[in-house]
Amino acid sequence: MSTNDEVREYLDYYLSSELETDFAVMINGPWGAGKTHFIKAYLEEREDKARLVDPLYSVGHLYASLYGIRSTSEITDQFFAQAHPVMNSKAVRLIGTVMSRALNGFAGTDVNSGAENKSLIKDMVLKLEGRVLIFDDLERCAMPLVEAMGFINSFVEHDGLKVIVVANENDIPPDQRIDYARKKEKLIGKTLRVASDPHTVLDSFCKKLTHPRVLEVVRQETLALLRTFEGSGKKNFRSLRAVLSDYERLVSGVDPRLQKSDTGMARLLLFMMATGVDYRSGDLSASELAGLPSTRQSRLIAAIGKKEKSPEIVKVEGLEARYPEVQWDDPIVPPAALAALFETGIVAADAINAHLSQHPLVVGYAQAPAWRQLWSWTDLPRSQYLEAREELVRQLATRELTHPGVILHAAGIVIGAMAFGDHMLGRDKDVVAYFGRYVQDLQKSGKLEPDRGLFTPMGGSYGGLGYGSKDTSEFRAIYKTVRAATNLSFADRMKEIAGTFIERINKDREAYSSLHKYGVEEGNYADSPFLHYVDPDAFARVIIRDSSPDGQLLASLHARYEMEKHNRALSDEYPWIKALRSRLEAIASEAEPPHRELLAIRIKYYFDKIEQAVGARTEATDIDTGDEAAINEELAG
């Protein structure tokens, strides 16, 4: 007989109407082990059997969670709500609270009430006679445990009710353990342990899934899903339920083409189960999860080069060993997006959809770019690998890849293939020199996309995928070259913007805010230097018109440079600021009183603040944005 069968047998004995008891029973076990699920399932089954014998049977059980409870009235409020579910208006809930307090008075706890009221509430409202009372999450009660247990004892000792307490005794607060042990000795007659069956628990969770396709995939992958869940060694059913919920939310909120991919849906489910359980247990941090793809790429390079394994690589190998059915090379959805989902609950639909729109398993090989196919080349059959390889080599030869992120992915793929003996560019080609010429050609022709935001301390990836081979010296050299060329392309674009900016602000005062708002694509330039391409004399004559200062434009300039206290995003403009101030002061000196003094005051006020914000930065040692330390930081993400 299993342990659970023994527990059921004992509960049958304890809850029988013939047995009079003066003690409660405890179900003890670790958090998330399925204790609540077990006891609720047992009682529901017991009550169903009672109704077969007596169709009028309606006693049932009452359940209260003690999690966060600070007063006993909150407990009886839960009982009242279950005993009278139809009484749900605000007025009735208020009455319920009053009645709960009166019941507490009967139990000798929170509120003292008249004997007549106590009897009325006990016998006519809650009608506790014959009820089984469940008190769950004892260890997470916010009030002192001895007070909660004293309240529970009143139902056992005064009313002779059958009471089951559900707890994780390992989490009893250390400062309460001595008092808890003494109180338990008087209250608890038997302590039982249960181990819920994963198949049964999963089946109950599936009944709460509302998305037909999600339910279908979970049913199809039940065995693999449970093996993956059990691979954690924790059997925390709350984590199982949480991951299923996250999976359903994600699938429901992104590109519906994902639902049509059996392989994609199954692969994503198993990956989320493995990483989700480890994340919720604290064995895998959000940053470690987000960095898994690049860490695995690094492991391949380290293995080939026989380098010492980093702690991150050791962790990846541990994950692979515990979860052999998970496809770690490609979880369909970027791990960074899954990390955000686990950590914040947010489904980053736009970023995920952009990723899915290029995924071969979601849109098909014909619709997926060659570089995207080759990023996960280990998944490709030989014929498809050769087809994608031929296409990538052709695109490189014709300079068709123009986004710096795609170019870096292509470089990582080429370097990675070399490590495995496939020289895509030819055995004698210098890969660093090749990509240097590649981006130089694009930059000179104006075709290199100026996505400067790709190269930030949060960089190290594009399209939701980490760059392959990023730990190699060849890739770092290419990264530096691509970054420099992209910055030049960005500068060319900003020169074009600068050429029309005076005209823009002359026509529209609302355009002033573009100086301190973010988003180049939306015409905002808060972190994009370009004013040094503008004639300071022309800009000064926009600020001062007919001897009158434009306070709104001066305030917008001040707002632009305020963040320079913390960074050097606009350092190229610092000399221009000084030139602009000098030109403004010259114009002001030629004005007639009282505007001369007004201009002098305004110029000093705003430019003193601006120069204060940039002053500390101009005194700092210049940073070589192409140095190895900066590259390491960016590629680390």
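Scroll up to find the structure.
Calculation notes
Residues numbered from 1 in each chain as written. Predicted model: local features only at pLDDT ≥ 70, side-chain atom pairs only at ≥ 80, totals over all residues. Heavy atoms only, no water. Helix = DSSP H or I, 4+ residues; strand = E, 2+ residues; numbered from the N terminus. Contact = heavy atoms within 4.5 Å. Areas by Shrake-Rupley, 256 points an atom, 1.4 Å probe, with all protein chains shown as cover. Buried < 20%, exposed > 50% of the residue type's maximum accessible area, 1.4 Å probe, protein only. Core = buried A, V, L, I, M, F, W, Y, C linked by side-chain atoms within 4.5 Å. Expected span 1.5 Å × (residues − 1). Pairing = 2+ DSSP bridges. Axes fitted to C-alpha atoms, helices over the stretch in contact; angles between N-to-C directions. Parallel < 35°, antiparallel > 145°, perpendicular 65-115°, else oblique. Left-handed = near helix turned anticlockwise from the far one by under 90°. Salt bridge = Lys/Arg side-chain N within 4 Å of Asp/Glu carboxyl O. Patch = residues over 30% accessible without salt bridge, like charges linked within 9 Å, V, L, I, M, F, W, Y side chains within 5 Å. Lys, Arg positive; Asp, Glu negative; His and termini not counted. Charge placed at Lys NZ, Arg CZ, Asp CG, Glu CD. Phe/Tyr/Trp six-rings, centres within 6.5 Å; stacked < 30°, edge-to-face > 60°. Lys NZ or Arg CZ within 6 Å of the ring centre and 35° of its normal. Nonpolar A, V, L, I, M, F, W, Y, C, P; charged D, E, K, R; others polar.

### Overview of the overall build of the chain
- Each helix and strand counted, the chain has 28 helices and 9 strands in total.
- Sequence-distant contacts, at least 24 apart, represent 73% of the contacts inside the chain between residues at least 6 apart.
- About 30800 Å² of surface is accessible on the chain, with carbon and sulfur atoms providing 51% of the total.

### Thoughts on the environment of Leu268
- The residue Leu268 is located in helix H12 (residues 262-281) in this model.
- The exposure class of Leu268 is buried, given its relative accessible area of 0%.
- Between the C-alpha atom of Leu268 and that of Leu258, which follows or precedes it by 10 residues, the distance is 9.9 Å.

### Section: the nonpolar core
- Residues Val218, Leu244, Tyr247, Leu250, Leu258, Leu268 and Met272 are the most contacted members of the largest nonpolar core, which totals 52 residues.
- Not counting residues within four places of it along the chain, the set of residues in contact with Leu250 comprises Leu268, Met272, Val333, Leu338, Leu341, Val347 and Ile352.
- With 39 residues, the next largest nonpolar core counts Ile502, Ala511, Trp576 and Ile603 among its residues.

### Concerning helix H21 (residues 404-419)
- Relative to the 22 Å expected for 16 residues at 1.5 Å per residue, H21 spans 23 Å between its end C-alpha atoms, a close match to the ideal helical length.
- Most of H21 is tucked away, with 14 of its 16 residues classed as buried.
- A positive phi of about 90 degrees marks Gly421, the residue just after H21.

### Considering the sheet that holds strand S3 (residues 132-136)
- Spatially, 5 strands are ordered S2-S3-S4-S1-S5 in an open sheet, and the strand pairing comes out parallel. Whereas interior strands pair on both sides, the edge strands pair on one side only; in this sheet they are strand S2 (61-65) and strand S5 (188-193). Direction aside, neighbouring strands of the sheet carry axes that sit 20 degrees apart on average.
- Here 5 bridges tie strand S1 (residues 24-28) to S5, and the two strands are oriented parallel to one another.

### Some words on the packing of helix H8 (residues 198-206) against helix H10 (residues 222-231)
- The interhelical angle for the contact between H8 and H10, taken along N-to-C directions, is 115 degrees, at an axis separation of 11 Å. Comparing the axis directions of H8 and H10 gives the class roughly perpendicular. As H8 packs across H10, the resulting crossing turns out to be right-handed. Contacts between H8 and H10 involve Pro198, His199 and Leu202 from the first element and Thr222, Leu223, Leu225, Leu226 and Glu230 from the second.

### Overview of the pattern of salt bridges
- In this structure the tally under the stated criterion is 32 salt bridges.
- Between Lys49 and Glu45 there is a salt bridge, with its nearest N and O atoms 3.6 Å apart. Of the two residues, Lys49 and Glu45 are both situated in helix H2 (residues 35-53); the distance of 4 residues between them amounts to about one turn of the helix.
- Of the charged contacts, one joins Glu562 and Lys565 as a salt bridge, the two residues approaching to 2.6 Å between their closest N and O atoms.
- Of the residues examined, Glu562 reaches a relative accessible area of 26% and is grouped as partly exposed.

### Looking at a positive patch on the surface
- Judged by side-chain charge, Lys40, Lys208, Arg241 and Arg280 come together as a positively charged surface patch.
- With relative accessibility at 42%, the residue Arg280 sits in the partly exposed group.

### Quick notes on the side chain of Asn153
- Along the chain, Asn153 falls in helix H6 (residues 145-157).
- For Asn153, the residues in contact, after removing those within four places along its chain, are His158 and Leu187.

### Remarks on the pairing of S1
- Here S1 lies mainly inside the structure; 5 of its 5 residues are buried.
- With burial as the criterion, each face of S1 is covered, one bearing Ala24, Met26 and Asn28 and the other bearing Val25 and Ile27.
- Two strands pair when backbone bridges link them, and S1 and strand S4 (residues 162-167) are joined in this way by 4 bridges, in the parallel orientation. Residue pairing for S4: Met26 is matched across the bridge by Val165.

### Things to note about the packing of aromatic side chains
- A full pass over the atoms with the stated rule returns 22 aromatic pairs.
- Ring geometry for Phe435 against Tyr438: centres 6.2 Å apart, planes inclined by 45 degrees, an arrangement best described as tilted. Note that Phe435 and Tyr438 are positioned in helix H22 (residues 431-445) at a spacing of 3 residues, about one turn of the helix. With respect to burial, Phe435 and Tyr438 carry one shared label: buried.
- Through a chain of ring-to-ring contacts, the aromatic side chains of Phe79, Phe135, Phe151 and Phe155 assemble into a single cluster.
- Between Lys162 and the ring centre of Tyr14, over which it is positioned, the NZ or CZ distance is 5.6 Å.
- Across the ring face of Tyr434, the terminal group of Arg399 is positioned such that the distance to the ring centre comes to 5.7 Å.

### A few points about the packing of H8 against helix H9 (residues 212-220)
- Two elements in contact, H8 and H9, have axes separated by 11 Å at closest approach and are oriented at 170 degrees. In terms of orientation, H8 lies roughly antiparallel with respect to H9. In this structure, H8 uses Leu202, Asp203 and Cys206 to contact H9, whose residues at the interface are Leu215, Val218 and Arg219.
- By residue class, the composition of the contact of H8 with H9 is 4 nonpolar, no polar and 2 charged.

### Here's the deal with unusual backbone geometry
- Of the consecutive residues Pro593 and Pro594, the connecting peptide bond is found in the cis state with omega at 5 degrees.
- Here Ile332, not a glycine, exhibits a phi torsion of approximately 80 degrees, which is positive.
- Within the secondary structure layout, Ile332 lies in the loop between helix H15 (311-322) and helix H16 (335-344).
- At Asp546, a position not held by glycine, the phi torsion is positive, near 55 degrees.
- Mapped onto the secondary structure, Asp546 falls in the loop between strand S8 (544-545) and strand S9 (548-549).

### Here we look at helix H25 (residues 551-562)
- The terminal C-alpha atoms of H25 lie 16 Å apart, and with 12 residues this matches the ideal 16 Å at 1.5 Å per residue to within 8%.
- All buried positions along H25 are accounted for by Leu553, Leu554, Ser556, Leu557, His558, Arg560 and Tyr561.

### Some remarks on the side chain of Lys184
- Topologically, Lys184 is positioned in helix H7 (residues 177-187).
- Residue Lys184 is classed as buried on the basis of its relative accessible area, which comes to 18%.
- Those residues within four positions of Lys184 in sequence are excluded, and the remaining contacts are Met26, Met149, Glu169 and Thr191.

### Side note on the environment of Arg596
- You can see Arg596 is positioned in helix H27 (residues 595-619).
- For the pair formed by Arg596 and Ser548, sequence separation is 48 residues and the distance between their alpha carbons is 9.2 Å.
- Not counting residues up to four positions away in its chain, the partners in contact with Arg596 are Ala588, Ser589 and Ala591.

### Observations concerning the environment of His199
- Turning to its location among the elements, His199 is positioned in helix H8.
- The spacing of His199 and Thr222 is 23 residues in sequence and 8.2 Å in space, taken between C-alpha atoms.
- Ignoring any residue separated from it by four or fewer positions in sequence, one finds His199 in contact with Thr222, Leu223 and Leu226.

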